[in-house]
Amino acid sequence: MKSRALRVFAPSWSFVLFVSSWFFVPPVLAQSLEPIRYTVSFPALHTHYVEIEASIPTHGRPQIDLMMAVWTPGSYLVREYARHVEALRAADPARVPLRIEKTRKNRWRVATNGAATVWLRYRVYAHEMSVRTNWVDEEFALLNGAPTFVTLVESPSRRAHEVRVQLPRSWSRSFSGMPSGIGEHTYVAPDYDTLVDSPILAGNPAVYEFRVSGKPHYLVDFRERGVWNGPQAAQDLAKIAEATARFWGEIPFERYYFFNVIGAPVNGLEHRNSTVMNIPREATGTRAGYLDWLSLASHEYFHAWNAKRLRPVELGPFDYENEAYTKSLWFVEGVTDYYADLILARTGVATRDEYLGALSAQIRRLQATPGRLEQSAELASYDAWIKYYRPDENSTNTSISYYVKGAVVGFVLDAKLRRMTAGANSLDDVMRLMYARFSGENGFTSEDFRAGVASVAGSVHAQEIRGWLGSVLETTRELDYTEAVEWFGLRMTPPPEAPRPWLGLAARTDNQRTIVSEVRRGSPASAAGVSVGDEITAIDGEALPAGQLTARIGTLTPGTRITVATSREDVVRPVEIMLGTDPGHGWALSVAPVQTPEQRRRLEEWLRR
Ligand SMILES: [Zn+2]
């Protein structure tokens with residue numbers, strides 16, 4: 001990773017920047033570097049392969065080193081994309097084969113024999129439906145840059161990468177956030193980063209266009225199949241995009257694509273001028289499922305500012321062969337999540353009560369996770385590579401989601417700033433200040449963020465807010481919601497339903513058996529000695545059919561003593577458990593029945609369109 005430059009907050013900043021770039025920055029080399037040119041094709045769609053041919057300049061070197069990325073920015077796990085590469089061949093321009101040596105799991109060395117250009121051919125298996133992997137079938141293709149394109153090992157790469165897509169006869173269109181090149185279905189990325197940041201999709205999708213401040217936006221739906229209301233979705237996206245652009249004060253791209261693939265678990269990945277999203281088919285028909293999708297779209301669109309332009313110093317330029325560690329994912333992801341839902345409320349796409357319901361769900365998730373007492377927000381960010389993206393049976397006991405804690409911190413911080421400044425400033429101002437200071441070439445540090453918050457809070461409160469940030473970001477101390485609830489005239493009350501009984505375990509059905517898959521720390525099940533892997537065979541002497549655990553426990557009340565028959569390594573034993581109360585119970589925000597005029601005004605301001 002690039003080491004970070006010294007940051008200057010003095011008014012002379014712009015002058016310093018100007019002088020240093022005038023004298024010391026070498027001329028841009030982009031024009032002088034010959035591009036790598038790829039042609040991608042799909043000779044046998046049903047086999048799920050994409051074929052890639054590339055012409056790679058050698059600049060007269062006797063050998064060139066090639067690599068494929070091992071991870072995708074925005075998704076913090078080493079995914080070893082090179083494992084899907086097959087039949088890699090190299091030749092000179094006359095197609096005389098050249099020697100290739102594998103030098104690392106994701107690298108190849110080609111002896112050039114003096115050729116000015118190396119011709120490369122390989123194929124990639126593309127049958128993993130997710131927002132960061134590749135998919136090819138008879139209906140469409142989704143190609144992400146990191147798992148598709150082998151490139152030269154060179155850093156930093158200012159070399160253009162051109163891609164020509166050869167469409168099968170049955171497909172009519174291709175799309176990418178990259179600028180178009182000469183010729184149909186040709187795209188030109190000015191550098192490798194842009195190539196990785198610009199997924200390519202092809203097929204016959206339904207396309208809906210709308211404009212925000214004159215800039216075209218496209219909703220591109222794959223697999224609509226009559227279950228998806230595209231026009232309505234585009235209308236709602238337009239409201240979200242308008243509100244988001246108004247929030248930041250500018251639109252930093254020429255056009256934007258919402259690529260929406262229906263029929264996969266809900267997920268999304270942000271890019272500088274596009275996003276790829278998934279929504280399960282069964283979620284398309286429900287209000288809750290649709291709200292989830294709108295929240296996802298709002299989150300990914302917000303990322304075009306917060307993540308892709310305003311970014312932690314560690315997240316760019318990327319080293320695609322090694323992990324990038326940052327303590328700030330709680331901000332990149334969590335604060336983005338806070339605003340994703342808030343913007344739905346501010347546009348009226350979600351009602352006030354739906355918004356408070358979504359915020360309550362985040363608070364509930366945090367407060368019901370034992371790992372909140374083990375892992376701080378900053379450590380959760382830093383360890384994303386080994387914790388968040390590698391969950392196991394014990395994860396809830398030892399870790400938290402930086403999405404969830406970050407969103408909840410965003411809410412509490414927002415209210416705190418409003419109170420400290422008597423309603424004059426808010427977290428919105430911190431976001432815009434940070435964007436103004438750090439959305440250029442350089443990212444921000446954790447200290448930059450603290451300084452930004454302190455300056456929005458005002459000098460009188462600077463020390464207090466810094467102390468508070470240290471506590472909520474670096475420690476596992478419980479968050480206090482009192483101030484936020486009071487400021488906006490809300491209340492945190494248990495829902496009207498009686499509290500649900502709670503065992504504190506999760507179970508899966510395996511071959512018609514109920515197997516414990518998770519035991520929560522501090523729960524009744526844990527206290528009674530239940531272990532992950534135990535089979536539950538009966539409750540109070542009555543056999544438990546597979547899949548019936550939740551229903552059976554649901555008929556009981558907290559405080560009831562039950563006898564659970566468990567089997568571990570073929571030894572059957574009874575376990576006495578006293579049912580507890582669902583720890584998620586009681587974390588429900590609603591508008592207080594009696595509000596002061598100030599509280600009413602503050603709530604309106606917070607959610608104002
Ligand atoms: Zn995100």
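Computed from a predicted model, the values in this text were never measured in an experiment.

The rules behind the values
Residues numbered from 1 in each chain as written. Predicted model: local features only at pLDDT ≥ 70, side-chain atom pairs only at ≥ 80, totals over all residues. Heavy atoms only, no water. Pairing = 2+ DSSP bridges. Helix = DSSP H or I, 4+ residues; strand = E, 2+ residues; numbered from the N terminus. Buried < 20%, exposed > 50% of the residue type's maximum accessible area, 1.4 Å probe, protein only. Polar contact = N/O pair within 3.5 Å; in protein donor to acceptor, adjacent residues only side chain to side chain. Contact = heavy atoms within 4.5 Å. Donors = N, O, S within 2.8 Å, 3.2 Å for Na, K, Ca; no water. Core = buried A, V, L, I, M, F, W, Y, C linked by side-chain atoms within 4.5 Å. Phe/Tyr/Trp six-rings, centres within 6.5 Å; stacked < 30°, edge-to-face > 60°. Lys NZ or Arg CZ within 6 Å of the ring centre and 35° of its normal.

**Digging into the sheet that holds strand E5 (residues 100–104)**
Sheet strands line up and pair through hydrogen bonds in the backbone, either parallel or antiparallel. An order of E5-E6-E3-E10 is seen for the four strands of this open sheet, with the pairing classed as antiparallel. At either margin of the open sheet sits one strand with a lone partner, and together these are E5 and strand E10 (151–152).

**A look at the side chain of Gln375**
Examined against the element boundaries, Gln375 turns out to sit in the loop between helix H6 (352–367) and helix H7 (377–382). Here Gln375 falls in the buried class, since its relative accessible area comes to 3%. At 2.8 Å, the side chain of Gln375 and the backbone nitrogen of Ile400 are in polar contact. Once residues lying within four places of it in the same chain are set aside, the contact partners of Gln375 are Ala380, Asp383, Lys387, Thr398, Ser399, Ile400 and Thr476.

**A closer look at unusual backbone geometry**
Here the amide bond leading from Gly316 into Pro317 is cis, since omega sits at -15°, within 30 degrees of zero. Structurally, the position occupied by Pro317 is in the loop between helix H4 (287–303) and helix H5 (329–347). The phi dihedral of Asn511 is positive, around 55°, even though this residue is not glycine. Along the chain, Asn511 turns up in the loop between strand E22 (505–510) and strand E23 (513–519). Here the phi dihedral of Asp570 falls at roughly 70°; this positive angle occurs in a residue that is not glycine.

**Some details on the coordination of the zinc ion**
Looking at the zinc ion, the protein donor atoms are His299 (NE2), His303 (NE2) and Glu333 (OE), and they sit 1.9 to 2.0 Å from it. Read from N- to C-terminus, the donor residues coordinating the zinc ion fall into the pattern H-x3-H-x29-E. Highlighted residues: His303 in helix H4 and Glu333 in helix H5, separated in sequence by 30 residues. When its relative accessible area of 0% is taken as the criterion, His303 is described as buried. Classification of Glu333 as buried rests on a relative accessible area of 2%.

**A few points about the nonpolar core**
The biggest cluster of nonpolar side chains holds 107 residues, and the ones touching the most others in it are Trp293, Phe411, Phe449, Leu490 and Trp606. Ranked by residue count, the leading element in this core is helix H9 (residues 402–420), at twelve residues. Those residues in contact with Phe449 that lie beyond four places of it in its chain are Trp330, Phe331, Leu413, Val430, Met434, Phe444, Leu469 and Leu473.

**Some words on the packing of aromatic side chains**
This structure, assessed with the given rule, holds 50 aromatic pairs. Between Tyr38 and Phe149, the ring centres sit 4.6 Å apart and the planes meet at 55°, which makes this aromatic pair tilted. Residue Tyr38 is found in strand E1 (residues 36–41), and its partner Phe149 is found in the loop between strand E9 (140–143) and E10; the two are separated by 111 residues along the sequence. The same class applies to Tyr38 and to Phe149, which are both buried. Following the ring pairs from residue to residue traces out a cluster consisting of Trp71, Tyr76, Tyr192, Phe318, Tyr320, Tyr325, Tyr382, Trp385, Tyr388, Tyr389, Tyr402 and Tyr403. The positively charged end of Arg123 is found above the aromatic ring belonging to Tyr49, 5.4 Å away from the centroid.

The values reported here are purely geometric and, on their own, carry no functional implication.
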